[in-house]
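# Breakdown of the fold
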Amino acid sequence: MDFVYNKLVKKWHKVYNQGMKDLWNYLKDTNKPIVLYGMGNGADKIISVLNRYGIKLSGVFASDGFVRKKTFHEFDVLPYSMLKRQLGDMIVLLCFGTALPDVIDDINKIASECELYAPNVPVFGDTLFNIEYARAHRADLEFIYNRLADDTSKKVFYNDVMYKLTGKIEYLFDCQTTVSEVYQNVLKFGCNETYFDLGAYRGDTVEEFLSQVNGFNQIIAVEPDRKTYNKLCAYVDGKPNIKCVNAAVCDICGNISFDMHGSRGSSLGTGQGTVTAVTIDALAETHIPTYIKFDVEGAEYKSIMGGAKTITNHRPKMQIATYHRSEDLIQIPKTVLSMCDDYKIYLRHFPCLPDWDTSYFFV
């Protein structure tokens with residue numbers, strides 16, 4: 001067994017057989033005051049889990065520009081320095097996501113002065129990736145680990161599992177890579193790719209693709225949110241061989257409910273709005289993809305199912321986000337392999353806290 005696998009087996013043996021604590025059980029047993037860094041939906045989710053475990057919260061702080069005499073869940077939102085003076089040796093829970101180097105520098109500064117964790121809570125769904133979940137899915141985790149195609153993928157998998165269980169951000173720093181590394185070492189595109197960008201947002205991943213390839217055949221950029229779609233169209237205006245589609249990718253075609261926010265938070269759900277839904281198989285009736293990127297805000301599994309014919313018959317390369325739901329780390333590769341068992345599977349994490357920019361690559 002390789003070195004990384006040895007480490008993984010030893011850690012998992014501890015998880016399964018020796019009662020290793022996950023972050024939530026650690027927080028339940030600590031005597032230190034626990035505070036939140038940040039507000040909003042992420043903080044709401046973390047508070048919900050803290051309540052589930054009976055864990056007391058002692059305060060909330062925000063960056064100086066976001067304080068402004070606000071309250072959050074009945075706590076006055078204070079500057080970090082003030083809360084630190086009040087509470088002393090405290091545990092900080094990071095409640096927002098960022099890939100901005102300046103913000104990550106600030107987080108690291110706080111982590112040098114306090115115990116700091118970034119709790120892993122799902123963006124969508126209620127399943128928590130905790131000790132109980134890991135124990136229940138031991139066979140699946142080990143199966144997927146053994147199917148990964150290179151040592152880098154195995155390290156990312158090991159680190160991501162351990163991050164999810166412990167909330168320790170050093171696991172993510174230790175396994176991050178660059179977009180260029182993936183394009184050069186994993187995807188290795190030719191000059192005639194047909195790219196389906198599912199969840200194209202404002203065109204950032206179209207721009208990324210164009211910067212990394214020497215030529216392409218066609219890009220189909222799909223974005224459901226109307227405001228964001230308009231910005232996508234403005235970005236691609238005048239660029240040849242790029243078609244924009246205002247639709248959500250799913251496992252059915254038709255009209256479906258949609259929470260429309262004009263941001264990355266827009267998603268399929270119970271919102272009062274509706275959006276046109278389309279399947280990959282329907283899109284492939286006019287253009288057969290050689291590469292598909294999935295970042296569809298929790299609808300990855302449904303999107304894969306709506307592309308079963310295309311995946312089985314044409315075996316496109318794929319990038320699939322794996323951070324929206326706790327189930328994704330296991331469900332996504334098992335689903336793809338059930339359609340086409342000879343894919344090589346890679347896993348990569350790009351710089352971001354928490355693990356929101358982690359994806360499988362199937363080639």
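The coordinates are above.
Residues numbered from 1 in each chain as written. Predicted model: local features only at pLDDT ≥ 70, side-chain atom pairs only at ≥ 80, totals over all residues. Heavy atoms only, no water.

One full turn of an α-helix is made of 3.6 residues, so residues set three or four places apart face in the same direction. Helix length check: helix α16 (residues 328–339) (12 residues) gives 16 Å between terminal C-alpha atoms against 16 Å at 1.5 Å per residue, within 8%. Of all 12 residues that make up α16, 9 are buried, and the element is covered over most of its length. If you check which residues of α16 are buried, you get Asp328, Leu329, Ile330, Ile332, Pro333, Thr335, Val336, Leu337 and Met339. (Helix = DSSP H or I, 4+ residues; strand = E, 2+ residues; numbered from the N terminus. Expected span 1.5 Å × (residues − 1). Buried < 20%, exposed > 50% of the residue type's maximum accessible area, 1.4 Å probe, protein only.)

Where burial is concerned, the two faces of strand β2 (residues 59–62) agree: the one with Gly59 and Phe61 and the one with Val60 and Ala62 are both buried. In this structure, strand β1 (residues 34–37) lies alongside β2, joined through 3 bridges in parallel fashion. Residue pairing in the sheet places Leu36 in a bridge with Val60 of β2. Handedness of the β-α-β unit built from β1, helix α3 (residues 41–52) and β2 comes out right-handed. When β2 meets strand β4 (residues 75–79), the two strands line up parallel, connected through 3 bridges. Paired with Val60 across the strands is Val77, a residue of β4. (Pairing = 2+ DSSP bridges. Right-handed = clockwise from strand over helix to strand, strands pointing away.)

Here the focus is the packing of helix α7 (residues 138–147) against helix α8 (residues 151–166). At their nearest, the axes of α7 and α8 sit 9 Å apart, and the two run at 155 degrees to each other. Comparing the axis directions of α7 and α8 gives the class roughly antiparallel. For the pair α7 and α8, the sense of crossing is right-handed. The residues of α8 that touch α7, namely those facing Leu141, Ile144 and Tyr145, are Lys154, Phe157 and Val161. Taken together, the residues that form the contact of α7 with α8 break down as 5 nonpolar, no polar and 1 charged. (Axes fitted to C-alpha atoms, helices over the stretch in contact; angles between N-to-C directions. Parallel < 35°, antiparallel > 145°, perpendicular 65-115°, else oblique. Left-handed = near helix turned anticlockwise from the far one by under 90°. Contact = heavy atoms within 4.5 Å. Nonpolar A, V, L, I, M, F, W, Y, C, P; charged D, E, K, R; others polar.)

Another point: the environment of Gly190. Tracing the sequence through the fold places Gly190 in the loop between α10 (179–187) and β7 (194–198). Classification of Gly190 as partly exposed rests on a relative accessible area of 34%. Between the C-alpha atom of Gly190 and that of Val336, which follows or precedes it by 146 residues, the distance is 23 Å.

Tallied over the full model, the rule gives 17 aromatic pairs. Every member of this aromatic cluster is reached through a ring pair, and the members are Tyr183, Phe189, Tyr195, Phe209, Phe216 and Tyr291. Geometry around Tyr235 places Lys239 over its ring, the cationic atom sitting 4.1 Å from the centre. (Phe/Tyr/Trp six-rings, centres within 6.5 Å; stacked < 30°, edge-to-face > 60°. Lys NZ or Arg CZ within 6 Å of the ring centre and 35° of its normal.)

What follows is about the sheet that holds β7. Within a beta sheet, neighbouring strands are joined by backbone hydrogen bonds and run either parallel or antiparallel to one another. One open sheet holds the 7 strands; their spatial order is β9-β8-β7-β14-β15-β17-β16, and the pairing between them is mixed. Edge strands, defined here as strands with exactly one partner in the open sheet, are β9 (242–245) and β16 (345–349). Across the sheet, the mean angle from the axis of one strand to that of its neighbour is 15 degrees, orientation sign disregarded. α10 rests against β14 (291–294), β15 (317–321), β16 and β17 (358–362) of the sheet, and its axis sits at about 170 degrees to β16.

Quick look at the side chain of Asp197 now. One can find Asp197 in strand β7. In this structure Asp197 comes out as buried when scored by relative accessible area, which is 0%. Only 3.4 Å separates the side chain of Asp197 from the backbone nitrogen of Val206, close enough to count as a polar contact. (Polar contact = N/O pair within 3.5 Å; in protein donor to acceptor, adjacent residues only side chain to side chain.)

The next thing to look at is the nonpolar core. Side chains of nonpolar character tend, in soluble globular proteins, to be buried together. Core analysis: the largest hydrophobic core is formed by 66 residues, its most contacted members being Val92, Phe157, Leu198, Met318, Tyr360 and Phe362. Among the elements that line this core, the one with the most residues is α8, at 7 residues. Within the second largest apolar cluster, 23 residues are counted, among which are Leu27, Ile47, Leu57 and Val121. (Core = buried A, V, L, I, M, F, W, Y, C linked by side-chain atoms within 4.5 Å.)

A separate point is the pattern of salt bridges. Summed over the entire model, instances satisfying the criterion amount to 14 salt bridges. Note that Lys334 is salt-bridged to Asp140, the shortest N-O span being 3.0 Å. A residue pair is termed long-range when its members are at least 10 positions apart, and Lys334 in helix α16 and Asp140 in helix α7 qualify at 194 residues. Among the residues examined, Lys334 registers a relative accessible area of 38% and is labelled partly exposed. (Salt bridge = Lys/Arg side-chain N within 4 Å of Asp/Glu carboxyl O.)

Any functional reading would require information that these geometric values do not contain.
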